[in-house]
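# Structural overview for review
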Amino acid sequence: MEKKERELKPLDIEDTLPHQINAPSFKDTGIEMKAPFKNEHGVIIGDSLYASENSPLENWTDETDPAVMAGDEWVHPTNDIGWNTAENRELLEEKRKPQGYPFMHPTKDVSKGQD
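Residues numbered from 1 in each chain as written. Predicted model: local features only at pLDDT ≥ 70, side-chain atom pairs only at ≥ 80, totals over all residues. Heavy atoms only, no water.

A few words now on the overall build of the protein chain. The number of helices and strands found in the protein chain is 1 helix and 2 strands. For the protein chain, the succession of helices and strands along the chain, N to C, is β-β-α. Residues counted as buried form 23% of the 115 residues belonging to the protein chain. For the protein chain, contacts bridging at least 24 residues in sequence account for 62% of all contacts bridging at least 6. Here the protein chain has roughly 9,100 Å² of accessible surface; of this, 52% comes from carbon and sulfur atoms. (Helix = DSSP H or I, 4+ residues; strand = E, 2+ residues; numbered from the N terminus. Buried < 20%, exposed > 50% of the residue type's maximum accessible area, 1.4 Å probe, protein only. Contact = heavy atoms within 4.5 Å. Areas by Shrake-Rupley, 256 points an atom, 1.4 Å probe, with all protein chains shown as cover.)

Take a look at the structure:
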């Protein structure tokens, strides 16, 4: 009997990943949230399940070359634990416009000394 493949839908809600408590918000960054994808090895990347019967991690032997799991095909662009680091969260914050936008200069405090 053939297994039915599930549709790979985005996991975000309003540019956030609420199932990951420390995941940053991508809202107003210009970065589009992406759906999970299946790589060339048949492993689903970005579904937050972290296990796949086709994954080399699930079928590891002494003969498995770790290089088989290197490269972009193993990293999801928006649902990746790397976004939870302080450095990458800062990258997202830098992409957001100030909350006063469009009524204030993005880098200069023009109200300084006016009060």
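Still to come is the rest of the account.
This next bit is on the nonpolar core. Formed by Leu17, Ala23, Phe26, Met33, Trp83 and Leu92, the largest nonpolar core amounts to 6 residues. Contacts of Phe26, omitting those with residues within four sequence positions, involve Asp15, Ile31, Met33, Thr78, Trp83, Leu92 and Arg96. (Core = buried A, V, L, I, M, F, W, Y, C linked by side-chain atoms within 4.5 Å.)

Moving on: the confidence of the model for the protein chain. Per-residue pLDDT for the protein chain averages 81, and the proportion of residues at 70 or more is 80%. For the protein chain, the element scoring lowest by mean pLDDT is helix α1 (residues 86-95), at 89; strand β1 (residues 37-38) scores highest, at 92. (pLDDT = per-residue confidence, 0-100.)

Right, let's talk about the pattern of salt bridges for a bit. Pairing between side chains becomes possible if they bear opposite charge and their charged atoms approach one another. If you walk through the whole model with that rule in mind, you get 1 salt bridge. Between Glu93 and Arg96 there is a salt bridge; the shortest N-O distance is 2.7 Å. Its relative accessible area of 21% is what places Arg96 among the partly exposed residues. (Salt bridge = Lys/Arg side-chain N within 4 Å of Asp/Glu carboxyl O.)

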